[in-house]
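Listed here are the chains, written in short residue letters.
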Protein chains: 2
Amino acid sequence: MTGSTEASADAARFLQQAIDAGREGMRAHRGGPFGAIVVGPDGTVAGVGCNRVTSSNDPTAHAEVLAIREACTAIGTFLLDGFTLYTSCEPCPMCLAAAYWARVEAIVYGATRAEAAAAGFDDAFIYEEIGQPLEARRIPMRQLMGEPAATLFDEWRAMGDRTPY
Amino acid sequence: MTGSTEASADAARFLQQAIDAGREGMRAHRGGPFGAIVVGPDGTVAGVGCNRVTSSNDPTAHAEVLAIREACTAIGTFLLDGFTLYTSCEPCPMCLAAAYWARVEAIVYGATRAEAAAAGFDDAFIYEEIGQPLEARRIPMRQLMGEPAATLFDEWRAMGDRTPY
């Protein structure tokens, strides 16, 4: 086998693990039909997640968020450089942004946001909303007290011992 | 005072609480200079959060996510209809999408994504990335096994006792 065929076989195996995690979570009524895993550069599975929104009363408990959090806890870091996120469905904007904040190296996904929408999930809708100007969004957004709020950043920049991320 | 003047005074007071939470968290080295609170329709503060990314090794531990999670836990729900999110800075895409998933009624924010960018944070960059087609993004995204992954949604739709969200 060539290296790239091996890599593809690995990717398919990892994505299957993500799908299996989602199916198991759905069947156990933990939440929606979504699963994810985070895999390190050496092929170790560092985090596994299934959607737990409804069972944990946590709208942020998406599979990808939980897999990323588990991997970070396991490794003792808030950065996942070199790690790959495998997810049963294209990440919603929350999970995609979480992957950016974690600085994962790559994302491999199965189903699409359109398929998630057809199953009743808001992923595609939220992508559309994020692309709208603030004043056109379905959730009204209002700015207040811009100056006192921005002083937080002045104080941050002036801190000698801050930990950037 | 008119009702709307009262409402504005309340909003300023709540936003100040969010800013204070961010300042306290930053000074205690919990994470970046961001704070948020979630306020119910009756004016009760249901959740408070400050950024804890670096101290908790959790890239998803943004102030808004933590305030939303705390409010949901307190109330025992995954939906915050009628609640308002006050945040010291315009939410990043992760936090904005979390607010959509929680179905908050409104968002009031202080500083802007541009001011966050000037202080070294990736909010604006991640907004730009989310607007890019998948193939143009800085984190490579690849689809695999679309069909087996989509069977999760078929099974979900066929479940009689599912809890939608």
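A short tour of the structure in this document, coming up. Bear in mind the structure is a predicted one, so any value in this text is a computation, not a measurement.

### Observations concerning the overall build of chain A
- Assigned secondary structure in chain A consists of seven helices and five strands.
- The order of α-helices and β-strands along chain A, N terminus first, is α-β-β-α-α-β-α-β-α-α-β-α.
- Projected onto its principal axes, the C-alpha positions of chain A cover 60 × 40 × 30 Å.
- When the 165 residues of chain A are sorted by exposure, 48% land in the buried category.
- Long-range pairs, those at least 24 residues apart, make up 45% of the contacts in chain A between residues at least 6 apart in sequence.

### Some points on the relation of the copies chain B and chain A
- You can overlay chain B on chain A at an RMSD of 0.0 Å; the transform is a turn of 180 degrees with a shift of 0.0 Å along its axis. Both copies of the chain, as the preceding transformation shows, are related through a two-fold rotation axis. Of every C-alpha in chain B, the one belonging to Met94(B) sits nearest the axis of rotation, 1.9 Å from it.

### Focus on the sheet that holds strand β1 (residues 35–39) of chain B
- The sheet built from five strands is open, its strands ordered β5(A)-β4(B)-β3(B)-β1(B)-β2(B) with mixed pairing. Only two strands of the sheet have a single neighbouring strand rather than two, namely β5 (141–143) of chain A together with β2 (45–50) of chain B. Across the sheet, the mean angle from the axis of one strand to that of its neighbour is 15 degrees, orientation sign disregarded.
- As paired strands, β1(B) and strand β3 (residues 84–89) of chain B are joined by four bridges and run antiparallel to one another. Within β3(B), the residue paired with Val38(B) across the bridge is Leu85(B).
- Sitting on the sheet, helix α7 (residues 146–158) of chain A touches β5 of chain A together with β3 and β4 (106–111) of chain B, and the angle it makes with β4(B) is about 60 degrees.

### Brief notes about the interface of chain B and chain A
- Contact residues are listed per partner, giving 70 residues for chain B and 70 residues for chain A.
- Two elements, β5(A) and β4(B), share three bridges in a ladder whose sense is parallel. From the neighbouring strand, Met141(A) faces β4(B), where its bridge partner is Ile107(B).

### Let's talk about the pairing of strand β3 (residues 84–89) of chain A
Residue and element names in this part refer to chain A.
- Of all six residues making up β3, six are buried, and the element is well covered by its neighbours.
- Bridge analysis of β3 against strand β4 (residues 106–111) gives five bridges, and the strand direction is parallel. Looking across to β4, one finds that Tyr86 is bridged to Val108.
- Assessed by its sense of winding, the connection that carries the chain from β3 through helix α4 (residues 93–102) to β4 is right-handed.

### Structural notes on the packing of helix α3 (residues 63–75) of chain B against helix α4 (residues 93–102) of chain B
Residue and element names in this part refer to chain B.
- Interaxial distance between α3 and α4 falls to 9 Å at its minimum, and their mutual angle equals 20 degrees. Comparing their axes, α4 and α3 come out roughly parallel. Every pair of crossing elements has a handedness; the one defined by α3 and α4 is left-handed. When α3 is examined against α4, the residues Glu64, Val65, Ile68 and Cys72 are found in contact with a partner set consisting of Cys95, Ala98, Ala99 and Ala102.
- A class-by-class count of the residues in the contact of α3 with α4 yields seven nonpolar, no polar and one charged.

### Regarding the packing of α4(A) against α4(B)
- Interhelical geometry of α4(A) versus α4(B) gives an angle of 155 degrees and a closest axis separation of 8 Å. Classed by the angle they form, the pair α4(A) and α4(B) counts as roughly antiparallel. When you trace α4(A) past α4(B), the crossing you get is left-handed. Residues Pro93(A), Met94(A), Ala97(A), Ala98(A) and Trp101(A) of α4(A) form the contact with α4(B), whose participating residues are Pro93(B), Met94(B), Ala97(B), Ala98(B) and Trp101(B).

### Points about the sheet that holds β3(A)
- Ordered in space as β2(A)-β1(A)-β3(A)-β4(A)-β5(B), the five strands form an open sheet in which the pairing is mixed. The open sheet has two edge strands, β2 (45–50) of chain A together with β5 (141–143) of chain B, and neither has a second partner. For this sheet, the mean inter-axis angle between neighbouring strands, taken without regard to orientation, is 15 degrees.
- Taken strand by strand, helix α7 (residues 146–158) of chain B contacts β3 and β4 of chain A together with β5 of chain B, and its axis lies near 60 degrees from that of β4(A).

### Concerning the pairing of β2(A)
Residue and element names in this part refer to chain A.
- Alignment of strand β1 (residues 35–39) against β2, held across five bridges, turns out to be antiparallel. Bridge pairing in β2 places Ala36 opposite Gly49.
- The turn linking β1 back onto β2 is made up of five residues, and Gly43 within it adopts a positive phi angle of 85 degrees.

### A short note on the nonpolar core
- By size, the foremost hydrophobic cluster in this structure holds 106 residues, and its most contacted members are Ala97(A) and Ala97(B).
- Setting aside chain neighbours within four positions, we find Ala97(A) in contact with Cys92(B), Pro93(B), Met94(B), Ala97(B), Ile126(B) and Ile130(B).

### A look at α3(B)
- Spanning 13 residues, α3(B) covers 18 Å between terminal C-alpha atoms, matching the ideal 18 Å at 1.5 Å per step.
- Gly76(B) occupies a position one or two residues after α3(B) and carries a positive phi of about 75 degrees.

About the criteria used
- Residues numbered from 1 in each chain as written.
- Chains lettered and ligands numbered in written order.
- Predicted model: local features only at pLDDT ≥ 70, side-chain atom pairs only at ≥ 80, totals over all residues.
- Helix = DSSP H or I, 4+ residues; strand = E, 2+ residues; numbered from the N terminus.
- Buried ≥ 20, exposed ≤ 12 C-beta atoms within 10 Å, placed from the backbone.
- Contact = placed C-beta atoms within 7 Å.
- Least-squares fit on C-alpha atoms with pLDDT ≥ 70 in both.
- Pairing = 2+ DSSP bridges.
- Axes fitted to C-alpha atoms, helices over the stretch in contact; angles between N-to-C directions.
- Right-handed = clockwise from strand over helix to strand, strands pointing away.
- Parallel < 35°, antiparallel > 145°, perpendicular 65-115°, else oblique.
- Left-handed = near helix turned anticlockwise from the far one by under 90°.
- Nonpolar A, V, L, I, M, F, W, Y, C, P; charged D, E, K, R; others polar.
- Core = buried A, V, L, I, M, F, W, Y, C linked by C-beta atoms within 7 Å.
- Expected span 1.5 Å × (residues − 1).

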